[in-house]
Amino acid sequence: MQGVDPAWLPDEAYRPIGTRRTLIRGSGPLVETVHGEVTQACVRFGGSVSFDGPAGPYDLVLELTGDGSSEAFTFERGDGRTTVTASGGPGLLYGLFHVVRLGEAAFRGSYEREEHRPELALRMLDHWDNVAVHPVMGQVERGYAGGSLFWQDERARGDLERVRAYGRLLAACGINAVAVNNVNVHGTEARLLTDRIGEVADIAGALRPYGIRAHLSVTFAAPVVLGGLETADPLDAGVREWWAEATARVYEAIPDFGGYVVKADSEGQPGPFAYGHSHADGANALAAALAPHGGIVHWRAFVYNHRQDWRDRRTDRARAAYDHFVPLDGEFASNAVLQVKHGPMDFQVREPVSPLIGAMPRTRLAVELQATQEYTGQQRHVCWLGPMWSGALRFRPEEGSPVGELARGGLVAVSNVGDDPFWTGHPLAQANLYTFGRLAWQPDADPDAVLDEWIRLTFPDAPQRLITGLHAVLDGSWATYEKYTAPLGVGFMVQPGHHYGPSVDGYEYSPWGTYHFADRDGIGVDRSVASGTGYAGQYAKPWAEVYESSETCPDELLLFFHHVPYGHVLKSGKTVIQHIYDTHFEGVAEVEEAREVWASLTDLVDPARHARVAERYEEQLRSAREWRDQINSYFLRKSGVPDAHGRRIY
Ligand code: GCW
C-alpha cells in the first residue's frame, strides 16, 4: 500500500515463492486469498501459479483437502517439491505464511512431514478505539500510533483497504480475532451493537479474507441505554430476551461474529453489582444470548475499587481480581471466558503473574497482555516485551501446567496499532505485535527466535551488521526500561492521567490503589500474610512461600511484596538504595549505547524508517535522564544515603 510501511510482509519476503511454480488445490474464500497472495508474488517476480491445474512440475503445492475450519496444516518437502496441506481454509493460509517465513529455506533440501497447529484457539487483539474522539482519552485510549484504523469522522472508514492490509499482517503472525472498539464503551460506541452494527459488519468483511473474526465491546447497560428498559438486571427475563434479540440481529449482519467483550463494574463501567448479582450471573446472561450462534463472551476480571482511601492500608488492589472471581469458579457458562490481565495490577514493567491464573480450574481463562505501551514508554521508547510475556506464559502457578496452557480461553493483547504509516508509531514496536501473535500460536516459543524471525522478515536480505544491530537494540530493551523507571517491582511512579514520564508520588495520595509507601527508612508494599495485606497467600505453593518472605522473594519483585529498609541487602549483594542508583545510571547509559547502535545503521535502513526511530531515540534519552534524575534525587533526599560511587544526584 502506498505510503504505508509493509512491516513484516515486504514484497521481497515473497520472492522465494514468486519466482517459482505453485499449484493451489481446493476452493473456498480463504483459498482465494491464498491464490491472490501467490498470484501477486508471481506477477512481481515472474513465477507461475495454477489453480486446480493439471499435474505438472511444481515447486510448491498448497492443497486444501477438506471444507472445515481447522487452522492446522502439514508441511513437507521431498523430490524437489514443497507441499502444504490443510483440511480447513485457515490452515492453508497459515501454511502459506509458514512458507513465507521460511523463505528460500522452504525450497531447499528435504523436510519430513511436520504438523503445525496453534496451541491456543483464540489469538485476539483488543482495540481500545473510540468511534467518536473522546475529550480526554482521544480516539484510541492509550493509543500511541495515530488515530483508529477502523473509525474515522465518527464512522467506520469508507475505504477499508488499510483494514484489509492489517488483517493480512495479523494473519501472517497468527492472530485470528479482533475486538474493534474500546472496552470503555461510551455513548456513540454503545450503538455499534444495534443500529450501527452495519459498520461493524463492514469491518468484519474486510478482515474475513484473512481468517479474522470481529468481536465487539458492549456495555452491560445496553438494555437500558439502547433498549429503553428500566433495568439491565441480568436475571430479569425481559433483559435476557433483549440480549437474545439484539444478538440474533448481530448474527444476521455478521454470521461469523466472534462475540462480546465486557468491562463491567470496573473503573466506572456499569455491571451486575448494581443489581446485587455476581459477575457469573452477568457474564452468563450475555453468554446465553450468544450460545445459539456459537459466540463467546469475554468477561474481564479487571474489577477493583478505584476509589479507595490511600490512608486505608488493608485494602490491596492486587488482591481484588482473585477475591472477586475465585469464589465464582465453576459458575461461568461454557461460552463465557474470563479475561485476566497477566499481572494483578495493571501492565507495569514488572509484576508477578496474577494468582487468579491457576486458581480457577473450572473456568475458561484468557490472559490479557498489553502491546500498546501505556506504562512501557508509549512507543516513544524502545521496549520489546517478548521476554516479559514469555516469562509470564512459562510461569507455572504450581507444579503442573504453565500459564500458556492454562489460558484455554486464549491469549489477548491490547493492540498497539493505529493509522500511523508505520502502524505502531515507533517502527520497532512492530516487533511487539509480531511477537504477541507468534506467542499466542505457541506460548512456549523462544522469544529470541521470534525476534530474529521478525528481523529477517521485516528486513529481508539484511546484512549481518543490520541483523546484529537490530537484535542488540531490541533484545535488552525491556530490561533497560525497567532499570531507569520504577525499581524492583514497585510499579507506577508515573505522571497521573497520561502515564508518561516520572512522578514518584504522582499516585501516592490518590484513590487508585497504586502506592509505594516510601518514607525516610524504606520502601515497598507489605503483601505478606504474616504482617501485610495477605496477597502472597493467594498463590499456591511453592509461590505463596517464596513470596511470603523477603529472604526468598526474587529481587525483581521485592518491593511488590515487601516493605524493606533502604539498607536491605538484595540477593545481588547490593543494598536496595544502591541498586536504585546503579540501575538508573546504567539504564540511561544503555539507552545512549542503543542510540549509537541505531545511528550506525543509517546506511542500511530506509531513510524514513531510520529517521523516525532516530527521532524517538532522542526523546527516549531525554525521558530516561528525567526518570534517572527524579528517581535518584527523590531517594537520596528521602533516605539521606549517598551514592557509593559519588555520582551526580540532584
Ligand atoms: O490500564 C488501564 C488504563 C485504562 C484502561 C484500563 C482497562 C480501557 O489506564 O485506560 O481502560 O486499564 O484495562 O480497562
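Quick notes on the rules
What you see as residue numbers is a count from 1 along each chain, following the sequence as written. With pLDDT at 70 or above as the cut-off, local features in this predicted model cover only qualifying residues; side-chain atom pairs require 80 or more to be listed or tallied, and sums for whole chains, interfaces and linings still use all residues. Note: side-chain values were computed over all heavy atoms of the structure, leaving out hydrogens and water. Working definition: residue near molecule or strand if any one of its non-hydrogen atoms lies within 4 Å of it. In the analysis that follows, any N or O atom pair within 3.5 Å is treated as a polar contact, provided that within protein one partner can donate a hydrogen and the other can accept it, and provided that, for residues neighboring in sequence, both atoms belong to side chains. Charged means Asp, Glu, Lys or Arg here, nonpolar means Ala, Val, Leu, Ile, Met, Phe, Trp, Tyr, Cys or Pro, and polar covers whatever is left, Gly included. Strands here are runs of E lasting at least two residues and helices are runs of H or I lasting at least four, both read from the DSSP assignment and numbered beginning at the N terminus. For the exposure calls, accessible area comes from a 1.4 Å probe over protein chains only, and a residue counts as buried if that area is under 20% of its type's maximum, exposed if over 50%, partly exposed in between. Contacts are residue-level and defined by heavy atoms, with any inter-residue pair within 4.5 Å sufficient. Here the axes come from fitting lines to C-alpha atoms, over the contacting stretch only for helices, and the angles between their N-to-C directions go from 0 to 180 degrees. For this classification, under 35 degrees means roughly parallel, over 145 means roughly antiparallel, 65 to 115 means roughly perpendicular, and everything else is oblique. In this scheme, strands are said to pair when DSSP sees at least two bridges between them. Nonpolar cores were defined as sets of buried Ala, Val, Leu, Ile, Met, Phe, Trp, Tyr and Cys residues, with membership established by side-chain atoms within 4.5 Å. A crossover gets the label right-handed when its path from the first strand over the helix to the second runs clockwise, viewed with the strands pointing away from the viewer. Start and end positions for the domains come from either an automated domain assignment or a database one. Buried area adds together the accessible area that both of two parts lose upon being put together, with accessible area traced by a 1.4 Å probe. Think of a salt bridge as a Lys or Arg side-chain nitrogen and an Asp or Glu carboxyl oxygen that are within 4 Å of each other.

### Quick look at the site of the ligand
- Contacts to the ligand come from 14 residues, most closely from Glu 141, Lys 263, Lys 341, Asp 346 and Glu 374.
- Note that an oxygen atom of the ligand is positioned 2.6 Å from one of the side-chain N or O atoms of Lys 341.
- Take Glu 374: an N or O atom from its side chain is 2.6 Å from an oxygen atom of the ligand.
- Across the shell around the ligand, the residue classes break down as three nonpolar, three polar and eight charged.

### Focus: the environment of Met 124
- Note that Met 124 resides in strand S7 (residues 123-126).
- On the accessibility criterion, Met 124 (0% relative accessible area) is buried.
- Each residue touching Met 124, except ones within four places of it in the same chain, is listed here: Ala 177, Val 178, Ala 179, His 215, Val 261, His 298, Leu 411, Val 412, Ala 413 and Phe 436.

### Regarding helix H6 (residues 197-207)
- H6 sits mainly inside the fold: eight of its 11 residues count as buried.
- Against strand S10 (151-152), strand S11 (155-156), helix H4 (161-172), strand S12 (177-179), strand S13 (213-217) and helix H8 (237-253) lie the buried residues of H6.

### As for the packing of helix H2 (residues 29-45) against helix H3 (residues 89-102)
- Here H2 crosses H3 at 20 degrees, and the two axes come no closer than 8 Å. Taken together, the axes of H2 and H3 lie roughly parallel to each other. Across from Leu 30, Val 31, Thr 33, Val 34, Glu 37 and Val 38 in H2, the residues of H3 making contact are Gly 89, Pro 90, Leu 92, Leu 93, Leu 96 and Phe 97.
- Looking at the contact of H2 with H3 residue by residue, the class counts come to nine nonpolar, two polar and one charged.

### Observations concerning the sheet that holds strand S2 (residues 48-51)
- Spatially, the six strands line up as an open sheet ordered S2-S1-S3-S5-S4-S6, and their pairing is mixed. Either end of the sheet is taken by a strand with one partner, and the two such strands are S2 and strand S6 (111-116). Going from strand to strand, the sheet's axes swing by 15 degrees on average, the running direction of each strand aside.
- Against the sheet, H2 engages strand S1 (21-25), S2 and strand S3 (60-68), with an angle of about 155 degrees to S2.
- Sheet strands touched by H3: S3, strand S4 (73-78), strand S5 (81-88) and S6. Its angle to S5, the strand with the most contacts, is close to 150 degrees.

### Examining the nonpolar core
- Within the largest apolar cluster, 203 residues are counted, with the highest numbers of intra-cluster contacts made by Trp 8, Trp 243, Tyr 260, Phe 325, Leu 338, Trp 454 and Phe 635.
- The contact partners of Phe 325, leaving out residues within four places of it in the chain, are His 279, Trp 299, Arg 300, Ala 301, Val 303, Phe 332, Leu 338, Leu 356 and Met 360.

### Notes on the pairing of S1
- Pairing analysis gives four bridges linking S1 to S2, with the strands arranged parallel. Of the residues in S2, the one forming a bridge with Ile 24 is Phe 51.
- In terms of handedness, the path from S1 via H2 over to S2 forms a crossover that is right-handed.
- Note that S1 and S3 share four bridges and pair parallel. The residue bridging Arg 25 from the neighbouring strand is Glu 63, located in S3.

### Some remarks on the side chain of Asp 329
- On the secondary structure map, Asp 329 appears in the loop between helix H10 (320-325) and strand S16 (336-341).
- Classification of Asp 329 as buried rests on a relative accessible area of 11%.
- For Asp 329, the side chain forms a polar contact with the main-chain nitrogen of Arg 362, separated by 3.0 Å.
- A polar atom in the side chain of Asp 329 sits 2.5 Å from the side chain of Thr 363.
- In contact with Asp 329, not counting residues within four places along its chain, are Ala 359, Met 360, Pro 361, Arg 362 and Thr 363.

### What about the domain arrangement of the chain?
- Looking at the assigned domains, one finds that the chain contains domain 1 (11-116), domain 2 (123-452) and domain 3 (482-525 + 563-639).
- With 10 residues of domain 1 in contact, the opposing surface of domain 2 contributes 14 residues.
- Of the roughly 1000 Å² buried between domain 1 and domain 2 on both sides combined, carbon and sulfur atoms contribute 51%.
- At the boundary of domain 1 with domain 2, the tally comes to two salt bridges.
- Between Glu 37 and Arg 168 there is a salt bridge whose closest N-O contact spans 2.7 Å.
- The tally of links from domain 1 across to domain 2 stands at seven residue pairs in polar contact (both at pLDDT 80 or more).
- Broken down by element, the side of domain 1 that touches domain 2 gets its largest block of residues, four residues, from H3.
- The residue inventory of the side of domain 1 that touches domain 2, partitioned by class, reads six nonpolar, one polar and three charged.

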